[in-house]
Amino acid sequence: MTKTFKALMMGGAAALAMTGAAHADAHGDAVTACLITKTDTNPFFVKMREGATEAAEAAGINLQTYAGAIDGDVESQVAAVETCIAAGASGILITPSDSRALAPVIGQAREAGLLVIALDTPFEPADTADATFATDNFEAGRLIGAWAAATLGDAAADARIALLDLNPSEVSVDYLRDQGFLTGFGIDVMDPTDIGDETDERIVGNDVTNGNEEGGRTAMENLLQIDPSINVVYTINEPAAAGAYAALQAFGLQDQALIVSVDGGCAGVRDVAAGVIGATSMQFPLRMASLGIEAIAQFAADGSLPENSEGLDFFNTGVMLVTDSPVDGIDSITSEEALELCWG
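Here the structure is a predicted model, which means the values were calculated and not measured. (Residues numbered from 1 in each chain as written. Predicted model: local features only at pLDDT ≥ 70, side-chain atom pairs only at ≥ 80, totals over all residues. Heavy atoms only, no water.)

The number of helices and strands found in the chain is 11 helices and 12 strands. In terms of overall dimensions, the chain is globule-like: its C-alpha atoms have a radius of gyration of 20 Å, near the 20 Å expected for 344 residues. In terms of its C-alpha atoms, the chain occupies a principal-axis envelope of roughly 65 × 40 × 35 Å. Per-residue burial over the chain gives 56% buried out of 344 residues. Within the chain, contacts between residues separated by at least 24 positions form 72% of all contacts whose residues are at least 6 apart in sequence. Here the chain has roughly 13500 Å² of accessible surface; of this, 50% comes from carbon and sulfur atoms. Across the chain, the 14 positively charged side chains and the 51 negatively charged ones have centroids separated by 5 Å. (Helix = DSSP H or I, 4+ residues; strand = E, 2+ residues; numbered from the N terminus. Rg over C-alpha atoms; globule rule 2.2 N^0.38 Å. Buried < 20%, exposed > 50% of the residue type's maximum accessible area, 1.4 Å probe, protein only. Contact = heavy atoms within 4.5 Å. Areas by Shrake-Rupley, 256 points an atom, 1.4 Å probe, with all protein chains shown as cover. Lys, Arg positive; Asp, Glu negative; His and termini not counted. Charge placed at Lys NZ, Arg CZ, Asp CG, Glu CD.)

Here it is in structure tokens:
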């Protein structure tokens, strides 16, 4: 296990331990915090909720949790923010389903004096929220793109690539991972915030998955109808990757395509071990959540705001490539190592 990775994990543990002293705000009132996730079924958000709950309990903070019905359910998230404002919460942690559409209600929350922290998915612009704790999603995509290109070697010049994205809204987490993958693979992107405007002939096409297995399977089926020779598959997350593999398997093409993804959930890591996914970029949702609760506790105590990582407009919670087929020049850990660190 690398020293960098150990440092990341120690940082998360330290953050969790530090929250224990904050039980009340500057006026001596009990602190209430809200966690609003995209869904309550995706293992990533389940782990995030577990991390926030554990940190809140350690800090003596009253935590209220909310979630959308599906990824992209903006209405439920708006209602949750409004409820948190009315409840007099000190702060909100939110994984925005739409990094643009939620801006007005987030503005209302900040005007009401709440600290708003985006988790995982940055708002657009980033300063819509007071702070962001997230994976460097572009880097997560770049790592798997570079790994795929290095794994293919000379054959990368003739690759047939399918890109399985999130949803038609093209939120920040979606285009950052997609464009990161293409950059890592060596493909010129056009507008870095626009998915699907590339002109490289190796790209078969893009389709959306809603970040779940069923969507991944349908998207893969659609793209295979365009070109059954697809041999590289980028997926927004590991549930979508599982669906893509199921579609390839149904066509007898499971050994033809190299699948790469982002998440680091235990199911995805086991898929790396089984050869279903070639490589995935591991995120740390528990660290995002625990750091977020710490920040709300500190804000309630003295009004201070969290700081960004140097040179970034967010606090980088880390990313690590997971693969059992390492390549020169790209740091990675094995699926066996990742199983000790995964979530879900």
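Having seen the model, we can carry on.
Attention shifts here to the pattern of salt bridges. Inspection of the entire model under this criterion finds eight salt bridges. A salt bridge links Asp130 to Arg110, with the shortest nitrogen-to-oxygen separation between them at 3.0 Å. Of this pair, Asp130 sits in the loop between β4 (115-119) and β5 (131-134) while Arg110 sits in helix α4 (residues 103-111); the two residues are 20 residues apart in sequence, bridging distant segments of the chain. (Salt bridge = Lys/Arg side-chain N within 4 Å of Asp/Glu carboxyl O.)

This part covers the state of the cysteines. Evaluation of the coordinates by the stated rule reveals two disulfides. Here Cys34 connects covalently by a disulfide to Cys84, the sulfurs 2.2 Å from one another. Here Cys34 and Cys84 share a disulfide; its torsion about the S-S bond, -120°, makes the bridge left-handed. Taken together, the residues Cys34 in strand β1 (residues 32-37) and Cys84 in helix α3 (residues 74-86) connect sequence positions 50 residues apart. What makes Cys34 buried here is its relative accessible area of 0%. Disulfide pairing is shown between Cys266 and Cys342; the S-S distance is 2.1 Å. Residues Cys266 and Cys342 are joined by a disulfide whose S-S torsion is about 95°; by sign, that bridge is right-handed. Of this pair, Cys266 sits in helix α9 (residues 266-274) while Cys342 is found in the segment after α11 (335-338), placing the two residues 76 residues apart along the sequence. Residue Cys266 shares its accessibility class with Cys342, and that shared class is buried. Described in terms of the sequence order of its bonded cysteines, the disulfide pattern of the chain is 1-2, 3-4. (Disulfide = S-S within 2.5 Å.)

Here we take up unusual backbone geometry. Excluding glycine, residues mostly carry a negative phi; peptide bonds, for their part, are mostly trans. Each neighbour pair has its own omega, and for Glu124 with Pro125 the value is -5°, a cis peptide bond. Of note in this structure, Glu170 is not a glycine but carries a positive phi near 50°. One non-glycine residue, Asn210, lies in the positive phi region at around 55°. With respect to the element layout, Asn210 can be found in the loop between β7 (203-208) and α7 (213-226).

The subject of this paragraph is the sheet that holds strand β9 (residues 258-263). Spatially, the six strands line up as an open sheet ordered β7-β6-β8-β9-β10-β12, and their pairing is mixed. At either end of the open sheet lies a strand with only one pairing partner, and these are β7 and β12 (320-323). The average undirected angle you get between the axes of adjacent strands in this sheet is 15°. Where strand β8 (residues 232-235) lies against β9, three bridges are found, and the strand directions are parallel. Bridge pairing links Val233 to Ile259 in β9. The strands touched by helix α5 (residues 137-152) within the sheet are β8, β9, β10 (279-282) and β12, with β9 carrying the most contacts at an inclination of about 160°. Sheet contacts for helix α8 (residues 238-250): β6 (161-165), β8, β9 and β10; angle to β9, the most-contacted strand, approximately 160°. (Pairing = 2+ DSSP bridges. Axes fitted to C-alpha atoms, helices over the stretch in contact; angles between N-to-C directions.)

Our focus in this paragraph is the sheet that holds strand β2 (residues 62-67). Across the sheet, six strands lie side by side as β2-β1-β3-β4-β5-β11; this open sheet has parallel pairing. A strand with exactly one partner marks an edge of an open sheet, and here the two such strands are β2 and β11 (315-316). Here six bridges tie β1 to β2, and the two strands are oriented parallel to one another. Bridge pairing links Ala33 to Leu63 in β2.

On to the pairing of β1. With six of its six residues buried, β1 lies for the most part within the structure. Burial of the side chains of β1 extends over both faces: Thr32, Cys34 and Ile36 are buried on one face and Ala33, Leu35 and Thr37 on the other. Between the parallel elements β1 and β2, the chain passes through helix α2 (residues 43-59) in a crossover that is right-handed. Summarising the sheet, β1 and strand β3 (residues 91-94) pair through four bridges and their orientation is parallel. Bridge pairing in β3 links Ala33 to Gly91. (Right-handed = clockwise from strand over helix to strand, strands pointing away.)

Note that all results are geometric; they support no functional claim without further evidence.
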